Amino acid sequence: MGIVMSVIIKISNLSKLYNDRSILKNIDLTIETGEFLCIIGPSGGGKSTLLNLIGGFIKSDGGSVSFQGETVNKPNRECIMVFQEFDQLFPWKTVQENIEFPLKNDPHHYSKTEIAALTGTYIDMVKLHEFKDFYPHQLSGGMKQRTAIARALVTTPKVLLMDEPFGSLDILTKTELQDTMLEIWKKTQTTIVFVTHDVREALHLADQIIILGDGTVQQRIENKTKDSEERVKEIIGFLSP
Amino acid sequence: MQNIKAIFLKPYSKYVWIGIMLIAWEAIAKLTPVSPLAFPSLEAVVAALINSILTGDILLQMLFSLGLIFVGLVIGVLLSFVMSALSVVSPVFESFVDTCVSIFHPLPGIALLPLIILWIGTGSKAILFIIVHSVLWPMILNMTAGFKSIPVVYKKIGQNYEFSNAKIIFKIYIPASMPYLIAGLKIGWARAWRASISAEMIFGASGGIGGIGWYIFNKRVFMDTAGIFAGLLVIIVVGMLVEDFIFSKIEDRTVKKWGLS
Amino acid sequence: MKRFGIILSLLCLVWITGCTATKNDSQEKVIRIAEQYGIAYAPVQIMKDQGILEKNYPGIQVIWEQMSNTTAIREAMVSNKLDVGFMAIPPFLIGWDNGMDWKIATGLSSVPTGLVAKDEIQSLQDIENDDRIALPQPGSVQHILLAMACKKEFNDPKKMDNLLVTLSHPDGMTALLAGNEITAHFTSTPYREAELATTGYHEILTGEEAFGGDFSFIVGVTTKKLHDENPEVYKAFNQSVEEAILFINENPEEAAEILTKYYDLSKEDILKYLTAEDTEYSATVKGIKNFSDFMNETDYLKKSYTSIEEVVWENTDYAEY
């Protein structure tokens, strides 16, 4: 990477209450194009809430999120969310049909050849070519998440929002998927905002790490030397003061 | 003993049981002092059935009944779809639909008969009204339950791609609630079937030859007990065919294939 | 397999004993009579109210079964749940034709019956394929009378069979007066009178015109079982019907007073119906041959009787033309 690009998401003074309790307090944050940003923090620290606010799925109680200079107040097709739940796939569609789904129903009317080409590219990218005619109930958890990632990427959105997508996977599958994710990121240059509570995962994937605790950004870390044990200790220190 | 037990565990065990029941029936008709007016032998029933097929209108009457049920089901499904979809979108409409369901669902269509005679008359329209009434409420219950069972994440996906509400309902909600819709359709079909037969037995011929209920009613008033059984036989056969060939095919192609059953 | 055989035979046993369980083991004599309501059944209510049967056969237990229609009565008599039923001649003949062991014991009444139609319909000729005729049920006396009229008018007794709608008298009246597709109603006292009192409706056919004479509207029918096994009870029943008829004919005022308990009508109205010119209470069975021959010719019956003893018990009065 190295070259600094333009700001794609700008968060200013963002607050969110939940049952009168402050989940997020006056958050300020900028995300630059092409960044792989991990948000880590303890459970209940507001990570998912922040991601949902960026995606426009919920309304803020103060401050704003802007995407490419425009205020976000509803979900938009340039910021696609990948969820933790395996049931984010449609069980009545095969792997291929699930991936085609956003293209076939897109208001921009992709042509048949475009749909075939895009679908093929992303099926290959997540290494599911042999399983493209399988229904979700015939897939393992890892394959389901691969399908979900391909579906999210197929419309070539500017930003991928990932809400603990590997949180329910075993460690081996998780590692495999993390590597796939890095490959994809390098190929597509998509901006990724990735929420996790796993410090090692964040260090392995991200080039920027945000530590969210107590409703505020505790620390922002440039993660150039990935996977160092020192960094793990450092971050764990922030998380458990 | 093990072999015999195995027979009853096969998919065709239904037919083995039917065979046993028929033998028991014939034995009772032949070997016990029951009046043939109360319990006709199988030959008499089969003879009555063949006679009704050759010289009577039983097949046309069956088609007439099935036609009415089909139209009633279509109207019922469409209405319940509109009402369920609106109640998913609007909480105000939802409370209205909930109220309607709790008022009308427990009300048997036949109990409405005196009012139907006054309002609609006694023709096919009245039977259709009873069929729609008997289909609508259980269908709404199933559809709204189906819509409510849909994972929240589906709605988020639809919003994420900026789909219209209509697209979310047709492309996501309907297939996602398919197991409930099929269950509702099965209940609706069974209810419509019963409603049309009982309504016909009370109303009589509505469109000239009438339906299968009217056939049975006529056999009853002319004391043709074998004919009554012939009518029942036709109803059972059609019911089984619909279950085995239509609904199980639909299930094979949808919920079973998708791993949702 | 052996175990299954045992279960099966047990089931059969339960079935058989279930069918005969209604036999009364006690020494007390029992008679089970179907109770129906209406001006045509007035002697039945008088017999019940005045305890005439209990007087004529001291110690008898009379069970009055509520029955909604003739078909139900007939089915109850097949399954030996009932000894006596009152009905019109055609439903009786249909049962007899299908092998029921029963005969007519007595006549009961003749009341005005007829086809009431909207004023636009002047005669049977005006009834078209869109019209619907309400009547109690196919095979009822009203249906057979309509078929008789159709035979005379069009030489086709089944001409109107596809226009029939089965409705009880009160539902039929509601449907006719509601003005939907029911344009005519074949009914009897007091529904006939109520409809004729409404403007816009008139009678286009009377039962007598259709039949070509006088006939018993309602007769009393008993099972062979009652007649053969309890001749004394049978005799007492016949005598009681006669006495009830006599009571109405001799004391119509008092009878009307009693009937106010059973019918939702005023004493004056009941008296008017009881004493109407074409209402007659009589134990003589009239018109059976005519019904039987017609129904046989037109295939509503498979056979007609050759000797009157096949359809009425001995000592029953009957009149033929």
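Residues numbered from 1 in each chain as written. Chains lettered and ligands numbered in written order. Predicted model: local features only at pLDDT ≥ 70, side-chain atom pairs only at ≥ 80, totals over all residues.

## Description of the sheet that holds strand β2 (residues 21-32) of chain A
The strand order β2-β1-β4-β5 (chain A) describes an open sheet built from four strands, whose pairing is antiparallel. Among the strands making up the open sheet, the edge pair consists of β2 and β5 (70-71) of chain A. (Pairing = 2+ DSSP bridges. Helix = DSSP H or I, 4+ residues; strand = E, 2+ residues; numbered from the N terminus.)

## Here we look at the UniProt feature "transmembrane region" (unreviewed entry) in chain B
Residue and element names in this part refer to chain B. Per the UniProt record, "transmembrane region" (unreviewed entry) is found at residues 12-31, 37-54, 66-89, 101-120, 127-148, 168-185, 197-216 and 228-247. With 95% helix and 0% strand, the stretch residues 12-31 has end C-alpha atoms that lie 29 Å from each other. From the first C-alpha to the last, residues 127-148 spans 32 Å; its make-up is 100% helix and 0% strand. (UniProt positions renumbered as here; feature names shortened; annotations may be inferred.)

## Looking at the domain arrangement of chain A
All names here are of chain A. In terms of domains, chain A is made up of domain 1 (1-78 + 158-241) and domain 2 (89-156). Placing the centre of domain 1 and that of domain 2 at their C-alpha centroids yields a distance of 25 Å. Across the contact, 13 residues belong to domain 1 and ten residues belong to domain 2. Among the elements that take part in the side of domain 1 that touches domain 2, helix α5 (residues 171-188) stands out by supplying six residues, more than any other. Taken together, the residues of the side of domain 1 that touches domain 2 sort by class into six nonpolar, five polar and two charged. (Domains from an automatic or database assignment. Contact = placed C-beta atoms within 7 Å. Nonpolar A, V, L, I, M, F, W, Y, C, P; charged D, E, K, R; others polar.)

## Here's the deal with the interface of chain B and chain A
Contact with chain B, which involves 17 residues of that partner, is made by 18 residues of chain A. Only α8 (152-160) and α9 (165-176) of chain B provide two or more residues apiece to the side of chain B that touches chain A. Grouping the amino acids of the side of chain B that touches chain A by side-chain chemistry returns nine nonpolar, three polar and five charged.

## Concerning the arrangement of the chains
Pairwise contact counts over the two pairs of chains in contact peak for chains B and C. Contact between chain A and chain C is absent, and the minimum C-alpha spacing across the pair is 43 Å.

## Looking at the pairing of strand β10 (residues 216-222) of chain A
For a regular strand, the rule is simple: side chains alternate between the two faces of the sheet. Strand direction decides the pairing type here: strand β9 (residues 208-213) of chain A and β10(A), joined by six bridges, are antiparallel. Bridge pairing links Q208(A) to E222(A) in β10(A).

## Quick notes on the nonpolar core
The nonpolar side chains of soluble globular proteins are, as a tendency, buried together. Counting 215 residues, the largest nonpolar core has L37(A), L161(A), V193(A), F194(A) and I131(B) as its most contacted members. Beyond its immediate stretch of four places on either side in the chain, V193(A) contacts I31(A), L37(A), I39(A), L51(A), I54(A), V159(A) and L161(A). With seven residues, the next largest nonpolar core counts I157(B), F163(B), I168(B) and I172(B) among its residues. (Core = buried A, V, L, I, M, F, W, Y, C linked by C-beta atoms within 7 Å. Buried ≥ 20, exposed ≤ 12 C-beta atoms within 10 Å, placed from the backbone.)

## Considerations on the interface of chain C and chain B
Across the boundary between the two partners, chain C contributes 31 residues, which contact 26 residues of chain B. Listed by contribution, the elements that provide at least two residues to the side of chain C that touches chain B are α1 (2-20), α4 (70-78), α5 (89-97), β7 (164-166) and α7 (169-178) of chain C. When residues of the side of chain C that touches chain B are assigned to their parent elements, the largest contribution, five residues, is made by α1(C). A breakdown of the residues in the side of chain C that touches chain B according to their chemical character gives 16 nonpolar, eleven polar and four charged.

## Regarding the environment of L93(C)
Residues and elements named next belong to chain C. By secondary structure assignment, the location of L93 is in helix α5. Here L93 falls in the buried class, since 24 other C-beta atoms lie within 10 Å of it. L93 sits 197 residues away from N290 along the chain, and the two C-alpha atoms are 12 Å apart. Apart from the residues lying within four places of it in its own chain, the contact partners of L93 are F291, S292, M295 and L301.

## Concerning unusual backbone geometry
Omega for the peptide link from T189(C) to P190(C) comes to -5 degrees, which places this bond in the cis form. Not every positive phi belongs to a glycine, and E164(A) is a case in point at roughly 45 degrees. With respect to the helices and strands, the residue E164(A) is situated in the loop between β7 (159-163) and α5. For M223(B), which is not a glycine, the phi torsion comes out positive at approximately 55 degrees. Of note, M223(B) is situated in the loop between α11 (212-221) and α12 (225-256).

## A look at the sheet that holds β10(A)
All names here are of chain A. In space, the six strands of this open sheet follow the order β6-β7-β8-β3-β9-β10, with mixed pairing throughout. At either end of the open sheet lies a strand with only one pairing partner, and these are β6 (79-82) and β10. Here the strands of the sheet are splayed against their neighbours by 20 degrees on average, with no regard to which way each runs. Examined bridge by bridge, strand β3 (residues 36-40) and β9 share four bridges and lie parallel to one another. What sits directly across from C38, in β9, is I209. Strands β6 and β7 of the sheet are contacted by helix α4 (residues 141-153), whose axis makes an angle of about 175 degrees with β6. (Axes fitted to C-alpha atoms, helices over the stretch in contact; angles between N-to-C directions.)

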